[in-house]
Amino acid sequence: MSLFGQLVQNCFKMMESKIAVGSSIILKRNKHHQLPYFGAKNNWPQWSMMKDQRKRMTLKEYGRFKLRLNAMRKTDLLPPELKEIANHEIATVPRDAAIREVYGRCAITSRGRGNVVRWKVSRIIFKQLADYNKLAGIMRARW
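Just so we're clear, the structure is a prediction, and the values are computed from it rather than from any experiment. (Residues numbered from 1 in each chain as written. Predicted model: local features only at pLDDT ≥ 70, side-chain atom pairs only at ≥ 80, totals over all residues. Heavy atoms only, no water.)

### A word on the nonpolar core
Argument step 1. Listed in full, the eight residues of the largest apolar core are Leu69, Met72, Leu78, Leu82, Ala86, Ile90, Val93 and Ala97.
Argument step 2. At the level of secondary structure, the elements contributing two or more residues to this core comprise helix 3 (47-74) and helix 4 (80-90).
Argument step 3. Looking at this core, the element that brings in the most residues is helix 4, giving three residues.
Argument step 4. Judged by nonpolar contacts, the second largest core, of seven residues, contains Val121, Ile125, Ala130 and Ile138. (Core = buried A, V, L, I, M, F, W, Y, C linked by side-chain atoms within 4.5 Å. Buried < 20%, exposed > 50% of the residue type's maximum accessible area, 1.4 Å probe, protein only. Helix = DSSP H or I, 4+ residues; strand = E, 2+ residues; numbered from the N terminus.)

### Topic: unusual backbone geometry
Argument step 1. One non-glycine residue with positive phi stands out, namely Ser110, at about 70°.
Argument step 2. When you line up the elements, Ser110 lands in the loop between helix 4 and strand 1 (115-116).
Argument step 3. Phi angles above zero are rare outside glycine, and Asn133 is one such case at about 55°.
Argument step 4. Residue position: Asn133 is located in the segment after helix 5 (123-131).

### Here's the deal with the environment of Met49
Argument step 1. Note that Met49 resides in helix 3.
Argument step 2. Note: C-alpha distance between Met49 and Ile108 (59 residues apart in sequence) is 9.7 Å.

Here is the structure:
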């Protein structure tokens, strides 16, 4: 671990109650960064699914560190020297290590829009699966 990494850990031991709790709340609120997508139609993952998976793994590895660096850059509690070090250090963190980069996609077709979040499938696939009673507790309306 670099000298700056040790310095960051020491700073966050002091400010753990405010910043670390805030970052964990953000990550808990956006749980879709933990859900890997490996399925695809015809058993071949599309490029968009592989790209999304890569972004999820990058977020998992660097996400908390990047949130803490941003908190250090924006706080008024730290001296300007530490803020400047944090500014230089955040340039080394991959750009994909942000929650906004992870996008919920359909696990079957890799469709990026119109997803039912609870089942991680698109609305089209959701209707097809619901028609044939493949989803637990879901039945399409009949009258």
